[in-house]
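Chain residues, written in single-letter form:
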Amino acid sequence: AQRVTQPEKLLSVFKGAPVELKCNYSYSGSPELFWYVQYSRQRLQLLLRHISRESIKGFTADLNKGETSFHLKKPFAQEEDSAMYYCALTSGSARQLTFGSGTQLTVLP
Amino acid sequence: KAGVTQTPRYLIKTRGQQVTLSCSPISGHRSVSWYQQTPGQGLQFLFEYFSETQRNKGNFPGRFSGRQFSNSRSEMNVSTLELGDSALYLCASSESGYYTDTQYFGPGTRLTVL
């Protein structure tokens, strides 16, 4: 079975500080990893995905297969980054998204 | 392109009733998935449809069912509602449902069961 763990339910950082949202997964094959974000009163939307290897809004995420992690990072947090962040996984054998429990990020002024 | 739309946005029902939720995917998308979001369980997969066929099903009781029409629009039905069915129901569409496809989410339908 595939599982995604986000150990931090809440995370607060000051504006301009670096931020790292942790994501660990368990899956024996080759999964595809995603980060989704939900801003207040908005729908869930894709932030970035591993296969694209692109940086969105200054966020990056590196897949570490040895540690089975896909942590989300941004060097300088902005107040508009405050949102709920979900790490998610799919695989060839289970096409549905398996989500972590989410991390509520608050960027303080 | 217009995004994924879901109707209605809010619903209030009583225990024992049934409910039907509707989802219109992005034009050209053939895969529609449904998810349940609750504070306790988070986001959980219900089922996925592609070309009017259910391809994948999550671990939910048979009271939860769905279907997809030839225009890719989808409906989900919950019969004999229970208090625990109160949740935000999200629909997502993707082009082909391949596991690397991006899924685009609708705004959700907030179901409250009294």
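Look a little higher up for the structure.
One structure accompanies this document, and this report is about it.

Conventions and cut-offs
- Residues numbered from 1 in each chain as written.
- Chains lettered and ligands numbered in written order.
- Predicted model: local features only at pLDDT ≥ 70, side-chain atom pairs only at ≥ 80, totals over all residues.
- Heavy atoms only, no water.
- Helix = DSSP H or I, 4+ residues; strand = E, 2+ residues; numbered from the N terminus.
- Rg over C-alpha atoms; globule rule 2.2 N^0.38 Å.
- Contact = heavy atoms within 4.5 Å.
- Buried area = accessible area lost by both parts, 1.4 Å probe.
- Salt bridge = Lys/Arg side-chain N within 4 Å of Asp/Glu carboxyl O.
- Polar contact = N/O pair within 3.5 Å; in protein donor to acceptor, adjacent residues only side chain to side chain.
- Nonpolar A, V, L, I, M, F, W, Y, C, P; charged D, E, K, R; others polar.
- Pairing = 2+ DSSP bridges.
- 1 Å grid on protein atoms, 1.4 Å probe; cavity = no way out; pocket = protein on both sides within 12 Å on 5 of 7 lines; lining within 4 Å.
- Points joined across faces, edges and corners; volume = space filled by probe spheres on them.
- Axes fitted to C-alpha atoms, helices over the stretch in contact; angles between N-to-C directions.
- Buried < 20%, exposed > 50% of the residue type's maximum accessible area, 1.4 Å probe, protein only.
- Disulfide = S-S within 2.5 Å.

Let us now look at the overall build of chain B. The helix and strand tally for chain B stands at zero helices and 11 strands. Along chain B, from the amino end to the carboxyl end, the secondary structure elements read β-β-β-β-β-β-β-β-β-β-β. Relative to the globule expectation of 13 Å for 114 residues, the C-alpha radius of gyration of chain B, 13 Å, shows essentially globular dimensions. When its C-alpha atoms are laid out on the principal axes, chain B stretches across 35 × 25 × 25 Å.

This paragraph deals with the interface of chain B and chain A. By a frequent convention, interface size equals the accessible area lost on bringing the separate parts together. With 20 residues of chain B at the contact, the number on the chain A side is 19 residues. When the area that chain B buries against chain A is broken down by residue, the three leading residues are Leu43(B), Tyr99(B) and Phe105(B), summing to 39%. At the surface where chain B touches chain A, the tally comes to zero salt bridges. Our enumeration of links across chain B and chain A arrives at eight residue pairs in polar contact (both at pLDDT 80 or more). Here the side of chain B that touches chain A is composed, by residue class, of nine nonpolar, eight polar and three charged.

With that settled, the discussion passes to the pairing of strand β6 (residues 53-57) of chain B. All names here are of chain B. Of the strand pairs in this sheet, strand β5 (residues 42-50) and β6 are connected by four bridges, and their pairing is antiparallel. The residue bridging Glu48 from the neighbouring strand is Asn56, located in β6. The antiparallel hairpin formed by β5 and β6 contains two residues in its connecting segment, where Ser51 sits at a positive phi of about 50°.

Here the focus is the layout of surface pockets. The space that makes up the largest pocket amounts to roughly 600 Å³. Lining the largest pocket are 26 residues, with Gln38(A), Tyr86(A), Gln37(B), Leu88(B) and Arg110(B) sitting closest to its centre. A per-element tally of the lining of the largest pocket places strand β9 (residues 83-90) of chain A first, with three residues. Class assignment for the residues of the lining of the largest pocket results in eight nonpolar, 13 polar and five charged. Approximately 360 Å³ is the volume found for the second largest pocket. Around the second largest pocket, the lining comprises 17 residues; the ones closest to its centre are Thr98(A), Phe99(A), Leu43(B), Gln44(B) and Phe45(B).

Residues and elements named next belong to chain B. The four strands lie next to each other as β1-β3-β8-β7, forming an open sheet whose pairing is antiparallel. Here the strands that pair on one side only, and so sit at the sheet edges, are β1 (5-7) and β7 (64-68). If you compare each strand with its neighbour and ignore which way they point, the axes differ by 20° on average. Bridging between β7 and strand β8 (residues 74-78) involves five bridges; their strand directions are antiparallel.

This part is about the pattern of salt bridges. Residue and element names in this part refer to chain B. In this structure the tally under the stated criterion is eight salt bridges over all chains. In this structure, Glu82 engages Arg63 in a salt bridge whose closest nitrogen and oxygen atoms are separated by 3.6 Å. Note that Glu82 is positioned in the loop between β8 and β9 (87-94) and Arg63 in the loop between β6 and β7, a separation of 19 residues in sequence. Take Glu82: its relative accessible area is 42%, and that puts it in the partly exposed class. Arg63 sits in the buried class, given a relative accessible area of 16%.

Between Thr7(B) and the following residue, Pro8(B), the backbone shows a cis peptide bond with an omega angle of -10°. Tracing the backbone through its elements, the reader meets Pro8(B) in the loop between β1 and β2 (10-13).

Turning next to the state of the cysteines. Put plainly, a disulfide is one covalent bond tying together the sulfur atoms of two cysteines. Under the defined criterion, the tally for this structure stands at two disulfides over all chains. Between the sulfur atoms of Cys23(A) and its disulfide partner Cys87(A) the distance amounts to 2.0 Å. What sets the handedness of the Cys23(A) and Cys87(A) disulfide is the S-S torsion sign, and at about -60° it is left-handed. One end of the pair, Cys23(A), is in the loop between β3 (19-21) and β4 (24-26); the other, Cys87(A), is in strand β9, and 64 residues separate them in sequence. Judged on exposure class, the residue Cys23(A) and its partner Cys87(A) are both buried. A disulfide bridge connects Cys23(B) with Cys91(B), and the sulfur atoms are separated by 1.7 Å. One quick way to see it: the torsion about the S-S bond of Cys23(B) and Cys91(B) is about -50°, and its sign makes the bridge left-handed.

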